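Structural characterization, general
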Amino acid sequence: MLNPLITICGTTGVGKSKLAIELALHLAKKHFGDQGWRGARVINADSMQVYKGLDVITNKVSQPEMEGVDHLLMGFKDPGEQYVVGEWVEDSLKLITEMHRRKEIPIVVGGTSYWIQHLIFPNRLAKPNEASPTSDSAIPWDPQLLDAIQALPTHLHSLFQNLPKEPPLAKADPDAAFQLHSLLLLLDPPVGQRWHWKDTRKVLHSLTIIRTARRRASSIIAQQAESPAASQPRFRTLCFWLFAEASYLEPRLDSRVDDMIEKGLLEEIRELRRIADAATQTTDSKSASAHNDYTLGIYQAIGYKEFHNFLDNPTSDNVFQESVERMKISTRQYAKKQISWIRNKLMPAVREANAQADTVSLYLLDAAEVDKRWEDRVQKPAIDVTEKLLLGESLPDPRSLSEIANDLLNISDKSANPLDVLQARKKRQCEICTPQEDRPFMVEEGAEWERHLHSRAHKRLHARLKRLGQLGDANSASTDAMGTVT
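Each chain carries its own residue numbering, running from 1 in the direction its sequence is written. For this predicted model, a pLDDT threshold of at least 70 governs which residues receive local features, and a threshold of 80 or more governs which side-chain atom pairs are given and counted, while totals over whole chains, interfaces and linings are taken from all residues. With hydrogens and water excluded, all non-hydrogen atoms of the structure serve as input to the side-chain values.

We now examine the overall build of the protein chain. Summing up its helical and strand segments, the protein chain has 20 helices and nine strands in all. Partly exposed describes any residue whose relative accessible area lies between the buried limit of under 20% and the exposed limit of over 50%, with all areas from a 1.4 Å probe on protein chains only and scaled to the type maximum. Looking at the protein chain as a whole, 51% of its 486 residues are labelled buried. Note on contacts: a residue pair qualifies if any of its non-hydrogen atoms lie within 4.5 Å across the two residues. Put simply, of all contacts in the protein chain between residues at least 6 apart along the chain, 76% involve residues at least 24 apart. Only the protein chains shown count as cover for residues, and all accessible areas are computed by the Shrake-Rupley method using a 1.4 Å probe. Carbon and sulfur atoms form 48% of the exposed surface of the protein chain, whose accessible area is close to 23400 Å². Segments assigned H or I by DSSP are reported as helices when at least four residues long, segments assigned E as strands when at least two residues long, and all are numbered from the N terminus.

Given below as structure tokens:
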């Protein structure tokens, strides 16, 4: 019998942390079920909230708001450190095992649904230890991979044989970063197309898997997907998806940006800039920040890049207003991306897992009117369903909770195969915005790509190249796909 797990996902601004705390407090009141479950702790599943401080830009729940409920994996990484999904899953599993031993319920909450999905479903992340023979000589090379290695240019072949122990920093050594990515593209195109060339830690991790397992990481993922166990969850999972329609959510998100500015957003952004500038100026390779990358991690948080121009022009009110509007747009766009992942990736995986027996129950809770209807539309349904699960009672049909649940939980068939998901998130190179061949400007396919094509910066560069008569191949790329898959 699988142990219970509660996950809470959704966009920013829908009350995910509020619900997690309310559930934890309710579960502390008494014992539930034959197993005697009592109490809960919260595990953070927001990739930005793992960083120390920076409470405003990451929208962390405050200590008073926690009401004494433990929040784990929050605020423990330094800016510049990377913390990837595999590390988070491993850390979370250790915590969950300990909670279950103590008969506590783990509540995983956050907007990084990608992390939550990999926690629920095992065998979807290739690892360097996938090959387990007792010695390297016992591991046969995949023939096609061996052919690809032998066909490598001399400098890339040498790089593969002598992979760095630490990933190079893309900002400090872009040549090394680009070479690593070029090597991965030649050896494992599906995985290479998934990562940005600046994501050096992920690129190096994939190359390490290839060299250790002597197989492509994509082949390992494909083999795992074929296993019947690949679709089976680790836990008897309740997944609460807090959802608000755009007409309710977007004004709330705009107000949240204004509140963040009042609470000190600009001071945090200035501090992030100061840390990054100080790190790039140091020449001490043994310093604590020697392997930190100040272009990734927390530096991808919405707000940092949006206020970049304002930090350079701090007295310009026009630049400030433009930065505010840019942050509001980015926040709304990210919310759409979060919803898209749940509908197109998480929901198909849940459907596949439940093909023979209900092991993952996904409930959409209507968080449109959080001020007026929170108790009857979010809090009470979540508590009722949680109690039924722990007491071993039948759960209600998820589509029965509301009209919006009935509409959104009726989905067409989509693949839950991890390799298909990998391919769906390929990076594309925009020829228009690429400053030089070995510094490609890359954007994820789909909604992000479409937003990029309509961005002011892309249109400005396109118009400039057109005036100069320098579009050439880039022009054909811009009229067809406006970029190339790399």
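Having put the structure on the table, let's press on.
What follows concerns the packing of aromatic side chains. Only rings of Phe, Tyr and Trp enter the pairing, Trp through its six-membered ring, and a pair is recorded when the two centres are within 6.5 Å. The plane angle decides the type: under 30 degrees is stacked, over 60 is edge-to-face, the rest tilted. Inspection of the entire model under this criterion finds 12 aromatic pairs. Aromatic side chains F76 and Y83 sit 5.3 Å apart centroid to centroid with 90° between the ring planes, which places their arrangement in the edge-to-face category. The class for Y83 is buried, based on a relative accessible area of 8%. Chaining the aromatic ring pairs together yields one cluster made of F76, Y83, W88 and W115. Against the face of W37 rests K103, its NZ or CZ located 5.0 Å from the ring centre. Either the NZ atom of lysine or the CZ atom of arginine qualifies as a charge over a ring when it sits within 6 Å of the ring centre and within 35 degrees of the ring normal. One cation-aromatic arrangement involves R428 over W449; the distance from NZ or CZ to the ring centre is 4.6 Å.

Glancing now at the pairing of strand β6 (residues 360-366). Of all seven residues making up β6, seven are buried, and the element is well covered by its neighbours. At least two bridges found by DSSP between two strands are what make those strands a pair. Taken together, the seven bridges between strand β5 (residues 236-243) and β6 define a ladder with parallel strand orientation. Its bridge partner being in β6, T237 is matched across the sheet by V360.

This part covers the confidence of the model for the protein chain. On a range of 0 to 100, pLDDT expresses the predictor's confidence in each residue. For the protein chain, per-residue confidence averages 87 on the pLDDT scale, and 86% of positions sit at 70 or higher. For the stretch residues 283-290, pLDDT sits under 50, and the model shows six contacts to residues farther than four places along the chain or on other chains. A low-confidence stretch, residues 474-486 stays under pLDDT 50, and its non-local contacts, those more than four residues away or across chains, total 34 contacts.

Along the chain, H31 turns up in the loop between α1 (16-27) and β2 (40-44). Residue classification places H31 among the exposed positions, given a relative accessible area of 52%. Sequence separation between H31 and L390 is 359 residues; the distance between their C-alpha atoms is 9.5 Å. Those residues in contact with H31 that lie beyond four places of it in its chain are G36, W37 and R38.

By the secondary structure assignment, E306 is in the loop between α12 (265-281) and α13 (308-312). Counted as a polar contact is a pair of N or O atoms within 3.5 Å, where, for protein atoms, one must be capable of donating a hydrogen and the other of accepting one, and residues adjacent in sequence contribute only when both atoms are in side chains. Side-chain polar atoms of E306 contact the backbone nitrogen of G303, separated by 2.7 Å. Ignoring sequence-local partners within four residues, the contact set of E306 consists of A301, S323, R326, M327 and S330.

Time to look at the packing of helix α6 (residues 154-161) against helix α7 (residues 174-187). Orientation is described by axes fitted as lines to C-alpha atoms, over the contacting stretch for helices, and by angles from 0 to 180 degrees between their N-to-C directions. Following both chains from N to C, one finds α6 and α7 inclined at 95°, their axes separated by 10 Å at the closest point. When the axes of α6 and α7 are compared, the pair comes out roughly perpendicular. Note on element contacts: α7 touches α6 through Q179, L180, L183, L186 and L187, opposite H155, L156, L159 and F160. Class assignment of the residues belonging to the contact of α6 with α7 gives a composition of seven nonpolar, two polar and no charged. Geometric relationships in this document are graded by angle, where less than 35 degrees denotes roughly parallel, more than 145 denotes roughly antiparallel, 65 to 115 denotes roughly perpendicular, and other angles denote oblique. Nonpolar residues are Ala, Val, Leu, Ile, Met, Phe, Trp, Tyr, Cys and Pro. Charged residues are Asp, Glu, Lys and Arg, and all others, Gly as well, are polar.

With that settled, consider the pattern of salt bridges. Within this document, salt bridges are pairs made up of a side-chain nitrogen of Lys or Arg and a carboxyl oxygen of Asp or Glu, the two lying within 4 Å of each other. Taken as a whole and judged by the stated rule, the model has 26 salt bridges. Between K60 and D55 there is a salt bridge, with the nearest N and O atoms lying 3.3 Å from each other. Residue classification places D55 among the partly exposed residues on the basis of a relative accessible area of 44%. Measuring nitrogen to oxygen at the nearest pair gives 2.3 Å for the salt bridge that ties E87 to R201.

This brings us to helix α19 (residues 456-468). Expected span, for any helix, means 1.5 Å times one less than how many residues it has. Taking 1.5 Å of rise per residue, the 13 residues of α19 would be expected to cover 18 Å, and the 18 Å separating its terminal C-alpha atoms lies within 8% of that figure. Residues of α19 that are buried include every one of H458, H462 and L465, and no others. Projected onto a plane normal to the axis of α19, the buried residues spread over an arc of 70° and lie on a single side. Residues of α19 that are exposed and angled more than 90 degrees away from the buried face: R456, R460 and R467. Of the residues one or two after α19, G469 is the one with positive phi, at around 70°. Think of the arc as the fan of directions from the helix axis to the C-beta atoms.

With that out of the way, let us pick up unusual backbone geometry. Despite not being glycine, E67 shows a phi value in the positive range, around 55°. Here E67 falls in the exposed class, since its relative accessible area comes to 53%. Although it is not a glycine, R214 sits at a positive phi angle of roughly 60°. Accessibility expressed as a relative area gives 17% for R214, which makes it buried.

So, about the side chain of K77. With respect to the element layout, K77 can be found in the loop between β3 (71-72) and α3 (85-101). Given the relative accessible area of 16%, K77 is considered buried. Those residues in contact with K77 that sit more than four places away from it in its chain are V50, Y51, K52 and Y83.

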